[in-house]
Amino acid sequence: MNYTAEYPLQHNGISKSLAFIEETLSKYRLKPRDLMEAVLISEEAILMLEEKAPEDAHIKITITKRMGVPRVKIMMPGDALLMDEHIGTVSLDQLGEKTENAIRSIMLRSYSDSIKYRNSHSGNSMTITTGIPERILATYTILAIVLAAITGYMMISCLPNSSTEWLLLNVFEPIETLFVSALMCIAAPAVFVSITCSMFRFEGFSELGRNSKLVIFNYLLTSVMATLIGYCCFRLLIPGEAGIFASEVISGTSDKFSIASVLTTMVPSNIIEPFINVNSLQLMFTAIVIGTAMTASGKRVGNVKTLFEELDVLCGKISSFIMKVVPLAVYCSIVNFILSAKTDALLSAVELVLTIFIGFVVILVVHCLILVGVARLNPITFIKKYAPFMKSTFLKGSGVAAIPINIRACRRKFGVPQSICSFSIPLGATINMDGNCICLTVSTLFFAHICGVPLDMNALLIMFFLVIVLSLGAPIAPGTLILCLVTLLSQIGIDTNVISLIIGINFILEMIIGVVNSMGDVIVALIVARREGSLDMDIYNKE
């Protein structure tokens, strides 16, 4: 059954449309989380379409349910709309129109797989799909792990060695290599474009207000703390067996980490070289220089900025395509390890996950201590009230996708004013990656350990720098953790094929990382609101 309604834009059309959407979707018995999400994204979509619509326009809403999945179609007359046209030069000293557009675009982009936009002679339309089971890829990956274990042990038991070797060399290893090669192909462009965009996406840092500067300082501070926590956890537990992948080290990298060599090789001789060699330092140096130059050039290079934003979207879409074949890559990788009798490698991967998980627990404890020491707030109250939102952010597996959820939590559960949470949460979703810092640090040290690559103080400092820069400018796309890890390992001189060891657990790590990052975003918003005296303590303490 279809439900249709039409409201004039001028006479409270937006609020009436949202009420109609919420009331109608409630009839489909959606989960409260899915219902809230659909209404929030519908609101942002209507506001974007409104900007291109004439004053006397009408909003037409059509809600259908096909194959058990509800769809909300919003139609409005107007000129063609570019979904990413609002991500650009933004002054963050106040919540002006451009800032709201940037926040809206980031939110819509995080749900790009659920939103279909179309422009025709009748105007613009957006179709929002909701209620789809989340993390389907994770389910398929778990199934692939189970099937791979069964397949591997059945092949060992039932097939002769010659047959298993043939299958290993001609089927499983080639597919695994193709997947890693695809990651290598997109890693350098994705990281380069993402870091460049992060340099000019939010301009005017020298003119930011006090609140905004405090938010950015806290995000940078927690990123550094998370990196150090990751290092300490690794040194205490030392997961993995040393040298089991010693053959995966690229020759000629022993003197790579002297300060002199870093300074002399940081600037590439040509702009193509960093992409060919996947040289992380050169990529980041070039991206920072180009992004800073674009920021200084202002509106004169507006078209170039738009091009980079479009390339960022393109790289994200390519990454999404690659990550869709993760279950197949995991299946081949697990079978490969079993047939090659590398069970010690699988045990090392389990130790890696446990170490990363302990790092996550430590950073959450540190966050709570900061909440007590800096903001003088009861962390138990925070945990109790934020716990229901953790499930949603866990299922999202992304801090960006959790932006609407965290803004809602800040405003309704903790009493953070709109002026702070509407700036802090979207910005934190793009630059505050505490979970990424811990995971990248532990994973890089882990692979260096099992590959027998010694890291001296120079190497550690370079790694810390790369991890923090990657956390600030990480691509907004599925598989971000793997893409960043590719750039880190290539800098150390480790063959990126070893990444196949953690491909199967990547989805679990990203889901936990989403929770850690989201909690950090909310805590920073609370700290800033508390220090500015604008936090509503009655709402925060309310049961």
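Residues numbered from 1 in each chain as written. Predicted model: local features only at pLDDT ≥ 70, side-chain atom pairs only at ≥ 80, totals over all residues. Heavy atoms only, no water.

Enquirer: Please set out the overall build of the chain residue by residue, giving values where relevant.
Expert: Helices and strands together make up the secondary structure of the chain, namely 21 helices and five strands. Within the chain, the fraction of its 543 residues that count as buried is 54%. Within the chain, contacts between residues at least 6 apart in sequence are counted, and of these 81% link residues at least 24 apart. Entry remark: accessible area of the chain is about 23700 Å², with carbon and sulfur atoms responsible for 62%. (Helix = DSSP H or I, 4+ residues; strand = E, 2+ residues; numbered from the N terminus. Buried < 20%, exposed > 50% of the residue type's maximum accessible area, 1.4 Å probe, protein only. Contact = heavy atoms within 4.5 Å. Areas by Shrake-Rupley, 256 points an atom, 1.4 Å probe, with all protein chains shown as cover.)

Enquirer: Just give me the short version of the packing of aromatic side chains, but keep the residues and values in it.
Expert: All chains considered together, the criterion is met by nine aromatic pairs. Among the aromatic residues, those joined into a ring-pair cluster are Phe382, Tyr386, Phe414 and Tyr540. (Phe/Tyr/Trp six-rings, centres within 6.5 Å; stacked < 30°, edge-to-face > 60°.)

Enquirer: Any chance you could break down the sheet that holds strand β2 (residues 58-66) for me, citing the residues and the numbers?
Expert: One open sheet holds the five strands; their spatial order is β1-β2-β3-β5-β4, and the pairing between them is antiparallel. Edge positions in the sheet fall to β1 (3-8) and β4 (115-120), since each has one partner strand and no second. Across the sheet, the mean angle separating the axes of adjacent strands is 15 degrees when strand polarity is ignored. Sheet analysis places β4 next to strand β5 (residues 123-129), joined by six bridges and oriented antiparallel. (Pairing = 2+ DSSP bridges. Axes fitted to C-alpha atoms, helices over the stretch in contact; angles between N-to-C directions.)

Enquirer: Explain a positive patch on the surface to me, using residue names and the numbers behind them.
Expert: A surface patch of positive charge is lined by Lys60, Arg66, Lys73 and Arg118. On the basis of relative accessibility, which here comes to 34%, the residue Lys60 falls in the partly exposed class. (Patch = residues over 30% accessible without salt bridge, like charges linked within 9 Å, V, L, I, M, F, W, Y side chains within 5 Å. Salt bridge = Lys/Arg side-chain N within 4 Å of Asp/Glu carboxyl O. Lys, Arg positive; Asp, Glu negative; His and termini not counted. Charge placed at Lys NZ, Arg CZ, Asp CG, Glu CD.)

Enquirer: Residue-level account of the packing of helix α15 (residues 418-431) against helix α20 (residues 506-531), with values.
Expert: Direction vectors running N to C along α15 and α20 enclose 145 degrees, while the axes themselves pass 9 Å from each other. Two packed elements cross with a definite hand, and for α15 against α20 that hand is right-handed. Where α15 approaches α20, its residues Ile420, Ser424, Ile425, Gly428 and Ala429 are matched on the opposing element by Asp521, Val522, Val524, Ala525, Val528 and Ala529. Taken together, the residues that form the contact of α15 with α20 break down as eight nonpolar, two polar and one charged. (Left-handed = near helix turned anticlockwise from the far one by under 90°. Nonpolar A, V, L, I, M, F, W, Y, C, P; charged D, E, K, R; others polar.)

Enquirer: So what's going on with the environment of Leu35? Residues and values would help.
Expert: In this structure, Leu35 sits in helix α2 (residues 32-52). On the accessibility criterion, Leu35 (15% relative accessible area) is buried. Remark: the alpha-carbon pair of Leu35 and Thr130, spanning 95 residues in sequence, is separated by 8.0 Å. Discounting chain neighbours no more than four positions away, the residues touching Leu35 are Glu22, Leu25, Ser26 and Leu30.

Enquirer: Break down the pairing of β2 for me, with residues and values.
Expert: Strand direction decides the pairing type here: β1 and β2, joined by six bridges, are antiparallel. Counterpart to Glu6 in the pairing with β2 is Lys60. In the sheet, β2 pairs with strand β3 (residues 69-76) via seven bridges, with the strands oriented antiparallel. Looking across to β3, one finds that Thr64 is bridged to Arg71.

Enquirer: Can you tell me about a nonpolar patch on the surface, naming the residues and giving the values?
Expert: A cluster of nonpolar side chains, namely Ile142, Leu143, Val146, Leu147, Ile150 and Met154, defines an oily patch on the protein surface of about 540 Å² accessible area. Looking at the element boundaries, Ile142 is found in helix α4 (residues 136-158).

Enquirer: Which residues make up the side chain of Asn218, and what values do they have?
Expert: With respect to the element layout, Asn218 can be found in helix α6 (residues 210-237). Apart from the residues within four sequence positions on either side, Asn218 is in contact with Val524, Ile527 and Val528.

Enquirer: Explain the side chain of Glu176 to me, and be specific about the residues and the numbers.
Expert: Looking at the secondary structure, you find Glu176 in helix α5 (residues 161-200). What makes Glu176 buried here is its relative accessible area of 10%.

Enquirer: So what's going on with the environment of Pro388? Which residues, and what values?
Expert: In this structure, Pro388 sits in helix α13 (residues 379-396). With relative accessibility at 56%, the residue Pro388 sits in the exposed group. Sequence spacing of Pro388 and Ala409 is 21 residues, and the spatial spacing of their C-alpha atoms is 9.7 Å.

Enquirer: Kindly report on helix α18 (residues 480-492), identifying the contributing residues and their values.
Expert: Along its 13 residues, α18 runs 19 Å from first to last C-alpha, staying within 8% of the 18 Å computed at 1.5 Å per residue. Burial analysis of α18 places 13 of its 13 residues in the buried class, which makes it a mostly covered element. Downstream of α18 by one or two residues, Gly493 has phi in the positive range, about 100 degrees. (Expected span 1.5 Å × (residues − 1).)

Enquirer: Tell me about the packing of helix α16 (residues 434-450) against helix α17 (residues 457-472), and please be specific about residues and values.
Expert: Here α16 crosses α17 at 145 degrees, and the two axes come no closer than 9 Å. The hand of the α16/α17 crossing is right-handed. When α16 is examined against α17, the residues Cys437, Leu440, Thr441, Thr444 and Leu445 are found in contact with a partner set consisting of Leu460, Met463, Phe464, Val467, Leu470 and Ser471. Of the residues assigned to the contact of α16 with α17, the class counts are eight nonpolar, three polar and no charged.

Enquirer: Quick one: what's the story with the pairing of β3, residue by residue and with numbers?
Expert: Bridge count between β3 and β5: six bridges; the pairing is antiparallel. Each bridged residue has a counterpart across the sheet, and for Met76 the counterpart in β5 is Asn124.

Enquirer: A description of the environment of Asp536 should follow, citing residues and the corresponding values.
Expert: Here Asp536 is to be found in the loop between α20 and α21 (537-541). Sequence separation between Asp536 and Phe414 is 122 residues, and the spatial gap between their C-alpha atoms is 7.3 Å.

Enquirer: Hey, could you go over α15 for me, with residue numbers and the actual values?
Expert: Helix length check: α15 (14 residues) gives 20 Å between terminal C-alpha atoms against 20 Å at 1.5 Å per residue, within 8%. In terms of burial, α15 is a largely internal element, 12 of the 14 residues being buried. Taken together, the buried positions of α15 are Ile420, Cys421, Ser422, Phe423, Ser424, Ile425, Pro426, Leu427, Gly428, Ala429, Thr430 and Ile431.

Enquirer: Please give an account of the confidence of the model for the chain that cites residues and values.
Expert: Of the residues in the chain, 83% reach a pLDDT of 70 or more, and the chain-wide mean stands at 79. The lowest-confidence element of the chain is helix α3 (residues 97-110), averaging 53 in pLDDT; the highest-confidence one is α16, averaging 91. Every residue in residues 84-99 is under pLDDT 50, and counting partners more than four places away or in other chains gives 47 contacts. Low pLDDT, under 50, characterises residues 204-208; the stretch is placed with eight contacts to residues that sit more than four places away or in other chains. (pLDDT = per-residue confidence, 0-100.)

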